[in-house]
Amino acid sequence: MSLAAPSSLLKVEEIQGRGRGMVASQPLKAGQVILRDSPILLYSALPFTTQSLTSSSSASASCFCDHCFKTLSPSLQQDSSSSAVLCPSCCHYRFCSSSCLSKALNSSHCSWVCQALSRLQANSLLLEQPLERQVQARFLIAAYNLANMSPSNFQMLLSLQGSPDDATIAAAQFLHPLISSLCSLALISPQNGFSLELTSALLSKDKLNAFGIMQPFSEDDEQRSVRAYGIYPYASFFNHDCLPNACRFDYVDTNPPDDSHNTDIIIRMIHDVPQGREICLSYFPVNENYSSRQKRLIEDYGFTCNCDRCNVESNWSDNDSIEDNAEDEEEVMDEDQYENMAASDTDNNPHGDNNDFPHAYFFLKYMCDRTNCWGTLAPLPPQGNTPSNVMECNVCGKLKSDDDFDVDKEQDEVPMED
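So, here's what we can say about the structure.

About the thresholds
Residues numbered from 1 in each chain as written. Predicted model: local features only at pLDDT ≥ 70, side-chain atom pairs only at ≥ 80, totals over all residues. Heavy atoms only, no water. Helix = DSSP H or I, 4+ residues; strand = E, 2+ residues; numbered from the N terminus. Buried < 20%, exposed > 50% of the residue type's maximum accessible area, 1.4 Å probe, protein only. Contact = heavy atoms within 4.5 Å. Areas by Shrake-Rupley, 256 points an atom, 1.4 Å probe, with all protein chains shown as cover. Pairing = 2+ DSSP bridges. Axes fitted to C-alpha atoms, helices over the stretch in contact; angles between N-to-C directions. Salt bridge = Lys/Arg side-chain N within 4 Å of Asp/Glu carboxyl O.

A word on the overall build of the chain
Here is step 1 of the chain: Check the secondary structure of the chain and you find 14 helices and 14 strands.
Here is step 2 of the chain: Relative to its 418 residues, the chain shows a buried fraction of 50%.
Here is step 3 of the chain: Sequence-distant contacts, at least 24 apart, represent 66% of the contacts inside the chain between residues at least 6 apart.
Here is step 4 of the chain: Surface summary for the chain: the accessible area is close to 19500 Å², and the carbon and sulfur share equals 46%.

A few points about the pairing of strand 3 (residues 33-37)
Here is step 1 of the chain: Burial runs high along strand 3: 4 of the 5 residues are buried.
Here is step 2 of the chain: In terms of strand pairing, strand 3 meets strand 9 (residues 265-269) through 4 bridges, oriented antiparallel. Residue pairing across strands places arginine 36 opposite isoleucine 266, the latter belonging to strand 9.

Remarks on the sheet that holds strand 9
The strands that make up a sheet pair up through hydrogen bonds in the backbone, lying either parallel or antiparallel.
Here is step 1 of the chain: Strand order in the open sheet made by the 3 strands is 3-9-8, with antiparallel pairing throughout. The sheet is open, and its two edges are formed by strand 3 and strand 8 (246-250), each paired on a single side. Across the sheet, the mean angle separating the axes of adjacent strands is 20° when strand polarity is ignored.
Here is step 2 of the chain: Of the strand pairs in this sheet, strand 8 and strand 9 are connected by 5 bridges, and their pairing is antiparallel. Across the sheet, the residue bridging to aspartate 250 is isoleucine 265, located in strand 9.

Describing the sheet that holds strand 10 (residues 278-281)
Here is step 1 of the chain: Reading across the sheet, the 4 strands line up as 1-2-10-7 and stay open at both edges, with mixed pairing between neighbours. Looking at strand neighbours, the two that pair on one side only are strand 1 (10-15) and strand 7 (239-240), the edges of this open sheet.

Regarding the pattern of salt bridges
Here is step 1 of the chain: Within the structure shown, the criterion is met by 14 salt bridges.
Here is step 2 of the chain: Arginine 36 is paired through a salt bridge with aspartate 264; the nearest N and O atoms lie 3.1 Å apart. Of this pair, arginine 36 sits in strand 3 while aspartate 264 sits in the loop between strand 8 and strand 9, placing them 228 residues apart in sequence.
Here is step 3 of the chain: The exposure class assigned to aspartate 264 is buried, which follows from its relative accessible area of 6%.
Here is step 4 of the chain: The salt bridge involving lysine 207 is made with aspartate 165; its shortest N-O contact spans 2.9 Å. One end of the pair, lysine 207, is in helix 9 (residues 196-209); the other, aspartate 165, is in the loop between helix 6 (151-158) and helix 7 (166-180), and 42 residues separate them in sequence.

Structure follows, in structure tokens:
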């Protein structure tokens, strides 16, 4: 099964040395929303716990709805006896509303999932495993439930990039017997060939394509944790670049007008690009240094990055930092150079190829300076043909004008045009 491009703005192409990727099928403008994608499955990133939410201890209780993954209100977090939003069967999972509970019971937390997760929570062998293995178990339950609920989406999942490697095969060898013994898999076994090989294949798809849904930003938290993971079939086609020209936004804790798509992710252009240019995201915060980026990419995605930024930074000392080099570059650039770099940005080349640190301009303009944020700034969507001079951080939500004056954010969600 192959996926067509999600809109007239993009096309899927095979890119030499990079696999499939998203390419602009027409000129794209800074701030333009080029994709809104919904997950075909979601699953919690939290470890299993043996405690019921009806117990007196709430230390292990999730702070998030187990269906839409919104942050629960303080009253729901503190009231462990709020049976109106607990799963009536297992009492291990909590939901933000009776409406969300009703949706979950017919999809993400149906009877089969409830029974399977309950048995996993009682499995001492799994509880002794590291968090990564427990989360992989959650993914497999969600994936096999998808096979039953939506065979077409399950085939879409299998069509994504990713082949089993030693790590996923080892994980499958441990997890497959556990899942086989959970409960009857007769509902999904015949048509989908439930097997060790299929479990390995699914884990490989998850490894390369899952997007983390992060916990809320806090200036006091240097390392934000992941609350959940989602498989977004179209967004998974975007390749990585350490100097991205687009970035991802999500608004999990806001209230969309239809109150049903808070887990959608939105891809928005950082700057103008011409027709035919590949559209890339950064798979992690742009502030990471060269060695850290290369380590994450090879371990998590199986490739080495040779982008323009990496080609420059590979010659730096391990002690060099992005901030030091950006500040040094800023000190030696005169007004004319700034204007030339700004012009280069307008001409779809924000990297300033004639400088020793060609991507200094990116960090000066597009990296959020809020404490412990390290998010990427992208302009708000243009109004008609008028570009916005206000940029939004994709991590903390801070708004900042092009002339460096902060804009007070008066509401949680910024309306965007699809």
